[in-house]
Amino acid sequence: MKKLKEFFEKQDRFAKLLGFHIEEIEEGTATVSATIKEEHLNGADVVHGGFLFSLADFAFAIASNSKNNLSLGINANINFQKAKSGGKLFAKARELSDGKKIATYEVRISDEEDNTIATFIGTVYRKGINIV
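Just so it is clear, the model here is predicted, and its values are computed rather than measured.

**Student:** Help me understand the nonpolar core, please; the structure alone is not making it clear to me.
**Tutor:** If you look at soluble globular proteins, the nonpolar side chains tend to sit buried side by side. If you look at the biggest cluster of nonpolar residues, it comprises 36 residues, and the most contacted ones within it are Ile62 and Ile109. In terms of residues, this core owes the most to one element, helix α3 (residues 49–64), which gives ten residues. Look past the residues within four positions of isoleucine 109 in its chain and what remains in contact with it is Leu52, Leu55, Ala56, Leu89, Phe90, Ala91, Asn115, Thr116, Ile117 and Ala118.

Pasting the structure below:
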């Protein structure tokens, strides 16, 4: 998992730009975090939905690639439950199903008090190629 973490920390430049941090990786799961900054807020002064989607998508990418089989998203959906204007967020991804070519993951974004901020479901296509 160390090589996978190093791969994502180096190669995912968008996640780096947004300030995402990998907290934990295990087979089929991943947890990432981010601190909400002023530039992550929308016009209503709450965290932008695109920022939340990107945070969930990063956790989804790591969890779905944790078996060292290049997996690319083919579908994703997010539901927003609670608005936030500051603090730290955590996105925890877990595998729901794992087929030879298709797998599905759930990501829960929560805050420091473990309130659900958003939920995300994503499906990947497995390419059959090692990434690290």
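**Student:** Please explain the pattern of salt bridges as it appears in this structure.
**Tutor:** It is possible for side chains of opposite charge to pair when their charged atoms get near one another. For the coordinates displayed, the defined rule picks out nine salt bridges. The salt bridge involving lysine 5 is made with glutamate 9; its shortest N-O contact spans 3.6 Å. Linking lysine 5 with glutamate 9, this pair stays in helix α1 (residues 2–11), spanning four residues, or about one helical turn. By relative accessible area, glutamate 9 is classed as partly exposed at 39%. The salt bridge partner of lysine 67 is glutamate 95, with a shortest N-O separation of 3.1 Å. Residue lysine 67 is found in the loop between α3 and β3 (71–80), and its partner glutamate 95 is found in strand β4 (residues 88–98); the two are separated by 28 residues along the sequence. On the basis of relative accessibility, which here comes to 29%, the residue lysine 67 falls in the partly exposed class.

About the thresholds
- Residues numbered from 1 in each chain as written.
- Predicted model: local features only at pLDDT ≥ 70, side-chain atom pairs only at ≥ 80, totals over all residues.
- Heavy atoms only, no water.
- Core = buried A, V, L, I, M, F, W, Y, C linked by side-chain atoms within 4.5 Å.
- Buried < 20%, exposed > 50% of the residue type's maximum accessible area, 1.4 Å probe, protein only.
- Helix = DSSP H or I, 4+ residues; strand = E, 2+ residues; numbered from the N terminus.
- Contact = heavy atoms within 4.5 Å.
- Salt bridge = Lys/Arg side-chain N within 4 Å of Asp/Glu carboxyl O.

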